[in-house]
Amino acid sequence: MAIKKSWLDKLNENKEPKIKRIDIDFADIPSGCNMFIATPKLIDAYIKEISVGKRIDLKTLRKDLAIEHNADCTCPVTTGIFLRIVAEANYEKLQQGKPLEEITPFWRVIEPNSALAKKLSFGQEFLLQQMEKEQ
C-alpha cells in the first residue's frame, strides 16, 4: 500500500502551471476562454505577498493569477484544492515548531465561513484567531 503524502509533500510537488482552452462553459467561466491552472507553490507565493491586516478574496486571487499568466481566468476548482494544500501544509509547519511569522498567512484569503474553512483539519477557530490578531 502506498504511503499517504503529507500536506507538505503535496505543497512541494514539482508541478507545472498550464493554460487550458475551455470548450464548454465551466463554473463561472464561459467557453472559449484560456483558463490558467496554477500550482500549490504559485498560490503559496501569491499569499506570502499579502500585507499584514489585508485580506484578499478568492475571486481577486484568481483574477490576479490569470492576469499575471496571460490567461482569461483561473480555474476555480484547482484553486480551491491548492488553497487547501497551502493552508494544511503551513499548519503542518506550525505543528512542527515553525514560528507563525514564518508560515504563509493563508487566513488572509480563506473566509472562515466558507466550505473550504469547514474542511480544514484544524477548523475555523484558527482562522478567526489569526484574523483577529491582524485587525
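Everything below is about the structure shown above.
Because the structure is predicted, anything quoted here is derived from the model rather than measured. (Residues numbered from 1 in each chain as written. Predicted model: local features only at pLDDT ≥ 70, side-chain atom pairs only at ≥ 80, totals over all residues. Heavy atoms only, no water.)

## As for the overall build of the protein
The helix and strand inventory of the protein stands at six helices and three strands. Radius of gyration (C-alpha) of the protein: 15 Å, near the 14 Å computed for a compact globule of 135 residues. Dimensions along the principal axes, computed over C-alpha positions, put the protein at roughly 45 × 45 × 25 Å. When the 135 residues of the protein are sorted by exposure, 43% land in the buried category. (Helix = DSSP H or I, 4+ residues; strand = E, 2+ residues; numbered from the N terminus. Rg over C-alpha atoms; globule rule 2.2 N^0.38 Å. Buried < 20%, exposed > 50% of the residue type's maximum accessible area, 1.4 Å probe, protein only.)

## Digging into the layout of surface pockets
Counted as a void, the largest pocket has a volume near 220 Å³. Forming the boundary of the largest pocket are 14 residues, of which L58, G80, S114, A115 and L116 lie nearest the centre. Elements that contribute at least two residues to the lining of the largest pocket include exactly α4 (76-95) and α5 (115-119). Broken down by element, the residue count for the lining of the largest pocket peaks at five residues, all from α4. (1 Å grid on protein atoms, 1.4 Å probe; cavity = no way out; pocket = protein on both sides within 12 Å on 5 of 7 lines; lining within 4 Å. Points joined across faces, edges and corners; volume = space filled by probe spheres on them.)

## With respect to the packing of aromatic side chains
Throughout the structure, instances matching the rule amount to seven aromatic pairs. An angle of 80 degrees between the planes, with centres 5.1 Å apart, marks the rings of Y91 and F126 as edge-to-face. Taken together, the positions of Y91 in helix α4 and F126 in helix α6 (residues 124-134) put the pair 35 residues apart, joining distant regions of the chain. Note on accessibility: Y91 and F126 belong to one class, buried. Centroid distance F122 to F126: 5.6 Å. Interplanar angle 80 degrees. Geometry classified as edge-to-face. (Phe/Tyr/Trp six-rings, centres within 6.5 Å; stacked < 30°, edge-to-face > 60°.)

## Some words on the pattern of salt bridges
Scanning all chains against the criterion turns up seven salt bridges. The residue K15 makes a salt bridge to E13 at a minimum N-O spacing of 3.7 Å. Given a relative accessible area of 40%, K15 falls into the partly exposed group. You can call E13 partly exposed: its relative accessible area is 22%. By sharing partners, the salt bridges in this structure join K5, E13 and K15 into a single network. (Salt bridge = Lys/Arg side-chain N within 4 Å of Asp/Glu carboxyl O.)

## Details of the state of the cysteines
All chains considered together, the criterion is met by zero disulfides. You can see C73 has no disulfide; the closest cysteine sulfur is in C33, sitting 4.9 Å from it. The thiol of C75 is not disulfide-bonded; the next cysteine sulfur, from C73, is found 8.2 Å away. Judged by its relative accessible area of 4%, C75 falls in the buried class. (Disulfide = S-S within 2.5 Å.)

## A short note on the environment of E88
Position of E88 relative to the elements: it lies in helix α4. Taking the C-alpha atoms as reference points, E88 and W7, separated by 81 residues in sequence, lie 5.9 Å from one another. In this structure E88 touches W7, K119, L120, S121 and F122, once residues within four positions along its chain are discounted. (Contact = heavy atoms within 4.5 Å.)

## Remarks on the side chain of T74
Along the chain, T74 falls in strand β3 (residues 73-74). On the accessibility criterion, T74 (1% relative accessible area) is buried. In terms of polar contacts, T74 uses its side chain to reach the backbone carbonyl oxygen of R62, at 2.7 Å. Polar contacts involving the side chain of T74 include one to the main-chain amide nitrogen of A66, which spans 3.1 Å. Once residues within four sequence positions are removed from consideration, T74 is found in contact with I29, M35, F36, R62, L65, A66 and T79. (Polar contact = N/O pair within 3.5 Å; in protein donor to acceptor, adjacent residues only side chain to side chain.)

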